[in-house]
Amino acid sequence: MSNQIQDAYIVAATRTPVGKVRGALKNVRPDDMLAHVIKNVMARAPGLDPQLIGDVVVGCAMPEAEQGMNVARIGLLLAGLPNSVPGMTINRFCASGVQAVALAADRIRLGEADVMIAAGTETMSMMPTMMGNKVSLNPAVFERDENVGIAYGMGLTAEKVAAQWQVSREDQDAFAVASHRKATAAIAAGKFKAEISHCTVRDHVPDFKSGAVKIVERVIENDEGPRPDSSNEGLAKLKPVFAAKGSVTAGNASQMSDGAGAVLLVSEKILKQFNLKPIARFRGFAVAGVPPEIMGIGPIEAIPRVLKQAGVKQADVDWIELNEAFAAQALAVMRTLELDPQKVNPLGGAIALGHPLGATAAIRTATVMAAMQRGEAKFGMVTMCIGTGMGAAGLFEAV
Amino acid sequence: MFESDAVRMWIAPNDADIAVLSFKSKANTLGPDVLEGIIEAVARAERDYKGLVIWQAKPPFSAGANLAALAPALQAKDFAGLEKAVARFQQMSQTLKYAQVPVVAAVSGMALGGGCEVVMHSSRAVAALESYIGLVEAGVGLIPAGGGCKEFALRAAEAAARTAGGDVFPFLQPVFQTVAMANVSKSALEARELGFLRESDAVVFHAGELLHVARQTARALAESGWRPKLPPRAIKVAGRNGIASLEMMLVNMKEGGMISAHDYRVAKGAASALCGGEVETGTPVNEDWLLAVERHEFVELLKTEKTQSRIAHMLETGKPLRN
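The structure reproduced in this document is the subject of the present report. Position labels on residues start from 1 in each chain and follow its written sequence. Numbering of ligands from 1 and lettering of chains from A proceed in the order in which they are written. The predicted nature of this model means local features are confined to residues of pLDDT at least 70 and side-chain atom pairs, given and counted, to a pLDDT of 80 or more, with totals for whole chains, interfaces and linings taken over all residues. Side-chain measures were taken over the full set of non-hydrogen atoms in the model, leaving aside hydrogen atoms and water.

Looking at the overall build of chain A
Scanning chain A for helices and strands turns up 11 helices and 12 strands. Atoms counted for the radius of gyration: C-alpha only. Globule rule: 2.2 Å times residue count to the power 0.38. Its C-alpha radius of gyration of 20 Å places chain A within 12% of the 21 Å reference for a compact globule of 399 residues. Principal axes of the C-alpha set define a box for chain A whose edges measure 65 × 60 × 50 Å. Under the scheme applied here, a residue whose accessible area is under 20% of the maximum for its type counts as buried, over 50% as exposed, and between as partly exposed, the area being computed with a 1.4 Å probe on protein chains only. Within chain A, the proportion of its 399 residues that are buried is 58%. Long-range pairs, those at least 24 residues apart, make up 80% of the contacts in chain A with a sequence separation of at least 6. Accessible surface for chain A amounts to roughly 15800 Å². Of this, 52% is attributable to carbon and sulfur atoms. Separation of charge centres in chain A, based on 40 positive and 39 negative side chains, amounts to 2 Å. Numbering goes from the N terminus for both helices and strands, where a helix is a DSSP run of H or I of at least four residues and a strand is a run of E of at least two. Contacts: residue pairs with any heavy atoms within 4.5 Å of one another. We get accessible surface area from the Shrake-Rupley algorithm with a probe of 1.4 Å; when it comes to residues, only the shown protein chains can shield them. In this charge count, Lys and Arg are treated as positive and Asp and Glu as negative; neither His nor the chain ends contribute. Taken as the charge centre is NZ of Lys, CZ of Arg, CG of Asp or CD of Glu, depending on the residue.

As structure tokens, this is what we get:
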């Protein structure tokens, strides 16, 4: 184990339902989503003095425009936390949410804080492009061949992984269908109910008859992405998007989404002081770099690294939230590390549930915590590939 | 009143204040003699008439630059001579743009390549609904170099100047795709969406009314005190960051097998011309600078074997070569 002086415990974790891009949450600002999950995660630890929060660390992959201006600080103030509580926004693209958890845990493990909030928020509905509000690539990227992969779109990197790891189109489509089936079944069984803090969306719309602005309320309780009717036959009809003779389609790639998640971490002292029941102990986090053009394989490097660091065997991990950026890369990771398919994304993954970039890992941490609360996992992991070539993995142990 | 082997400038008895220029070349292509005819016609119109309409008795408006006229110099590898020819085309475009009388392009049918550049540099265009306008140079491995890229860079800079951030790139991105993919409008209305026609250009639904509307437009402009715009002196360009961002799109298309290596090379030339070359983003330049960049990129492409093959194939078969 590392040189920590104390453990960091997760006492609460929650998330919004995940909305499809330009779907149910399209008009909900990312700072409002963040405020919503911060309020709700605090509500799950009644009695805890918010003045004790050392910092609020928020992951966001495109921290600009609506989610710029240090969205962490704005979100925590909108949540009603005291203005003595600081906040910072961090960015490690798709791993931002679990990176936030790791940073928050580290402050506690070092003895520098006793209460921390880690979160993630992202609206893809409000982003004008996948690359944020302004596209501007450094010309130096093209000066050396080994850097050109930085310019690759994520879909193209998935094509490269599919080719190099020989992941067939049929396998990718079957993986995607399974993701939808698992997610649909999980929703039907109410498996996400405990982790989701439902959202009441208030749309301000014109009432042309009266000339007034009308407020229409909608309650969003479930993830919007899963499609019960997804089938191999249906997906087989989709054309490749990123390469003329490729295999990656809109159907076997993650969905663009909106959402937020938050995790409340405390020290043992706080557990005792406020009589809080821990869900899990934070066991470690690792991140590793890989070639940008095959960024999808990032978890192949990160997973063994975190397991070694924590002294935990892969076979002992019972629940792995492996972000399904693309079926091709998820399958390449699973095959290379020989991950047990039964343990990977038991309730579906980003292909069905959606992938709100910097929020996803915080959201999936809430999923792992809920599984632990149901007694379905002793060790749980949240892992994902990261744009420009990285992989990250966070490890938790139920207590 | 003026006629050469390439052009005819004439007036109608009832509209004697507005001169009309028509081309005599096959498919109204633009060879050196047509360019000289246009320059001469503008000079005569400035001296003797209220305005000039460029109109063809039968479509197309113009199938573009006469590639066959370039062939001998290309075979002789006389690239200095070719650059001079391109510079002369650009002079013609600028002559249209800064004419002291309004020049109205009356477009019907195809206005491709150099023909499109004539439209873009006219004071106004009046286009029949069935107009097929586009910068198709990429099809023969070239980029628009008769001022087409320059004009798009300028229009993007003008549009950006009206926004809060003043960022040129969002206005260039769609134009780049149009140029790099050699997109041709399916109608005059689409030509406006693609940026070949301006909001101020008129669309005429009955092609038979084209000449009348064009003359009336020229007359109205003249009688409302026509003066050409002053040449812009500080056109902010997307520069090297813009080129890199466009190149990012190209890398993905090439690696995805959607375009060839030479398509990539050609499109990168277009990116450079549209972004004002490898200068810092936001650098103010003038039209001469932009014209020099597009001229340079054009000639560099002419030097490549694959562009030469594309041109030869087009001249032999009339069809584009994908190489």
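Re the side chain of asparagine 323 of chain A
Within the fold, asparagine 323 of chain A resides in the loop between strand 10 (317–322) and helix 9 (327–337). Residues in contact with asparagine 323 of chain A, not counting those within four places in the same chain, are Gln329, Ala350, His355, Thr360, Thr383 and Met384 of chain A.

Concerning helix 5 (residues 148–161) of chain B
Three or four residues apart is the spacing at which side chains of an α-helix point the same way, because the helix has 3.6 residues per turn. Residues and elements named next belong to chain B. Its 14 residues give helix 5 an end-to-end C-alpha distance of 20 Å, which sits within 8% of 20 Å, the value for a rise of 1.5 Å per residue. With respect to burial, helix 5 is a largely interior element, 12 of its 14 residues being buried. By the burial criterion, the buried members of helix 5 are Gly148, Cys149, Lys150, Glu151, Phe152, Ala153, Leu154, Arg155, Ala156, Ala157, Ala159 and Ala160. Helices are assigned an expected span. That span is 1.5 Å times one less than the residue count.

With respect to the environment of alanine 253 of chain A
All names here are of chain A. Within the element layout of this structure, alanine 253 appears in the loop between helix 6 (232–236) and strand 8 (257–266). The buried category is assigned to alanine 253, whose relative accessible area is 8%. Along the sequence, alanine 253 and glutamate 324 sit 71 residues apart, while their C-alpha atoms lie 7.3 Å from each other.

Here's the deal with the nonpolar core
Buried residues of nine kinds, namely Ala, Val, Leu, Ile, Met, Phe, Trp, Tyr and Cys, make up a nonpolar core once their side-chain atoms join them within 4.5 Å. Ranked by internal contacts, the top residues of the largest apolar core, which has 94 residues, are Phe142 of chain A together with Met9, Leu21, Ile38, Leu52, Phe176 and Phe196 of chain B. Per element, the largest residue contribution to this core is eight residues, and it comes from helix 10 (residues 261–275) of chain B. Every residue in contact with leucine 52 of chain B, bar those within four places of it in the chain, is listed here: Met9, Ile18, Ala19, Val20, Leu21, Ala41, Val42, Ala45, Pro102, Val103 and Val104 of chain B. Residues Ala13, Ala118, Met127 and Ala352 of chain A belong to the second largest nonpolar core, which totals 49 residues.

Remarks on the sheet that holds strand 5 (residues 103–112) of chain B
Residue and element names in this part refer to chain B. The sheet built from seven strands is open, its strands ordered 1-2-3-4-5-6-7 with mixed pairing. Looking at strand neighbours, the two that pair on one side only are strand 1 (2–3) and strand 7 (202–204), the edges of this open sheet. Here strand 4 (residues 51–55) pairs with strand 5 via four bridges, running parallel. Within strand 5, the position partnered with leucine 52 by the bridge is valine 103. Helix 4 (residues 114–121) contacts strand 4, strand 5 and strand 6 (124–134) of the sheet and is inclined by roughly 150 degrees relative to strand 5. For two strands to be treated as a pair, DSSP must find no fewer than two bridges joining them. Note on geometry: axes are lines fitted to C-alpha atoms, helical ones only across the stretch in contact, with angles between N-to-C directions running from 0 to 180 degrees.

Thoughts on the packing of aromatic side chains
Aromatic ring pairs are described here by two measures, namely the spacing of the ring centres and the angle between the planes. All names here are of chain B. Think of it this way: a Phe, Tyr or Trp ring, Trp meaning its six-membered ring, pairs with another when their centres are within 6.5 Å, and the plane angle makes it stacked under 30 degrees, edge-to-face over 60, tilted otherwise. Counted by the stated rule, this structure contains five aromatic pairs over all chains. Two limits define a charge over a ring: the Lys NZ or Arg CZ must be within 6 Å of the ring centre, and within 35 degrees of the ring normal. Of note, lysine 254 hangs over the ring of tyrosine 264, and the distance from its end group to the ring centre comes to 5.5 Å. Between lysine 303 and the ring centre of phenylalanine 79, over which it is positioned, the NZ or CZ distance is 5.8 Å.

Details of unusual backbone geometry
The peptide bond linking proline 59 of chain B to proline 60 of chain B adopts the cis configuration, its omega dihedral lying at 5 degrees. With respect to the helices and strands, proline 60 of chain B occurs in the loop between strand 4 and helix 2 (67–75). Despite not being glycine, methionine 69 of chain A shows a phi value in the positive range, around 55 degrees. Despite not being glycine, alanine 182 of chain B shows a phi value in the positive range, around 55 degrees. Among the secondary structure elements, alanine 182 of chain B is positioned in the loop between helix 6 (169–180) and helix 7 (188–194).

A few points about a nonpolar patch on the surface
Residue and element names in this part refer to chain A. Patches draw on residues past 30% relative accessible area with no salt bridge. Two like charges within 9 Å are joined, as are two nonpolar side chains (Val, Leu, Ile, Met, Phe, Trp, Tyr) within 5 Å. Salt bridges are defined by distance alone: a side-chain nitrogen of Lys or Arg within 4 Å of a carboxyl oxygen of Asp or Glu. A cluster of nonpolar residues, Met130, Met131 and Met256, forms a patch on the protein surface that exposes about 260 Å² of accessible area. Note on placement: methionine 130 falls in the loop between strand 5 (115–123) and helix 4 (154–164). Judged by relative accessible area, methionine 130 falls into the partly exposed class, the value being 41%.

A word on the pairing of strand 10 of chain A
All names here are of chain A. The buried fraction of strand 10 is high, at five of six residues. The sheet contact formed by strand 10 and strand 11 (residues 379–386) spans five bridges and is parallel. Bridge pairing in strand 11 places isoleucine 320 opposite methionine 381.

Let's talk about the interface of chain A and chain B
Residue-level contacts link 18 residues of chain A with 15 residues of chain B. Summed over both partners, the accessible area lost on bringing two parts together, with a 1.4 Å probe, is the buried area. Between chain A and chain B, the buried area comes to about 1400 Å², and carbon and sulfur atoms account for 60% of it. Taken as a group, Val135, Pro139 and Phe142 of chain A account for 35% of the area that chain A buries against chain B, more than any other trio of residues on that side. Lysine 160 of chain A is the partner of glutamate 255 of chain B in a salt bridge, and the nearest nitrogen-oxygen pair spans 2.8 Å. In the analysis that follows, any N or O atom pair within 3.5 Å is treated as a polar contact, provided that within protein one partner can donate a hydrogen and the other can accept it, and provided that, for residues neighboring in sequence, both atoms belong to side chains. Put simply, chain A and chain B have six residue pairs in polar contact (both at pLDDT 80 or more) between them.

Comments concerning the environment of methionine 314 of chain B
Residue position: methionine 314 of chain B is located in helix 12 (residues 305–317). As a C-alpha pair, methionine 314 of chain B and proline 170 of chain B span 144 residues in sequence and 33 Å in three-dimensional space.

A few points about the pairing of strand 4 of chain B
Residues and elements named next belong to chain B. Counting buried residues along strand 4, five of its five residues qualify, which places the element largely inside the surrounding structure. The two faces of strand 4 match: Gly51, Val53 and Trp55 on one face and Leu52 and Ile54 on the other face are all buried. For strand 3 (residues 18–23) and strand 4, the ladder comprises four bridges, and the chain directions are parallel. By the bridge assignment, isoleucine 18 is partnered in strand 4 with glycine 51. By definition, the crossover connecting two strands over a helix is right-handed if that path, from the first strand to the second, turns clockwise as seen with the strands pointing away from the viewer. Handedness of the crossover is the feature at issue here: the chain leaves strand 3, passes through helix 1 (residues 32–48), returns alongside strand 4, and the resulting connection is right-handed.

Examining the packing of helix 1 of chain B against helix 3 (residues 79–97) of chain B
All names here are of chain B. At a closest axis distance of 10 Å, the pairing of helix 1 and helix 3 adopts a crossing angle of 25 degrees. Classified by the angle their axes make, helix 1 and helix 3 are roughly parallel. Between helix 1 and helix 3 lies a crossing whose hand is left-handed. Residues Leu35, Glu36, Ile38, Ile39 and Val42 of helix 1 pack against Arg88, Phe89, Met92, Thr95 and Leu96 of helix 3. Of the residues that constitute the contact of helix 1 with helix 3, the class distribution is seven nonpolar, one polar and two charged. The labels follow the angle: roughly parallel below 35 degrees, roughly antiparallel above 145, roughly perpendicular from 65 to 115, and oblique for the rest. Handedness of a helix crossing follows the sense of rotation of the near helix relative to the far helix, less than a right angle counterclockwise being left-handed and clockwise being right-handed. Residues are grouped as follows: Ala, Val, Leu, Ile, Met, Phe, Trp, Tyr, Cys and Pro are nonpolar; Asp, Glu, Lys and Arg are charged; every other residue, Gly included, is polar.

Focus: the packing of helix 9 (residues 239–255) of chain B against helix 10 of chain B
All names here are of chain B. As a packed pair, helix 9 and helix 10 sit with axes 9 Å apart at the nearest point and diverge in direction by 160 degrees. Relative to helix 10, the element helix 9 lies roughly antiparallel. Crossing hand, helix 9 versus helix 10: right-handed. Touching Gly239, Gly242, Ile243, Leu246, Glu247, Leu250, Val251 and Lys254 of helix 9 are Ala261, Tyr264, Ala267, Lys268, Ala271, Ser272 and Cys275, all from helix 10. Residue composition of the contact of helix 9 with helix 10, grouped by class: nine nonpolar, three polar and three charged.

Focus: the side chain of glutamate 297 of chain B
All names here are of chain B. Topologically, glutamate 297 is positioned in helix 11 (residues 287–302). Although glutamate 297 is buried, it makes no salt bridge; arginine 265 carries the closest opposite charge, 4.2 Å away. Residues in contact with glutamate 297, not counting those within four places in the same chain, are Ile143, Arg265, Gly269 and Ser272.

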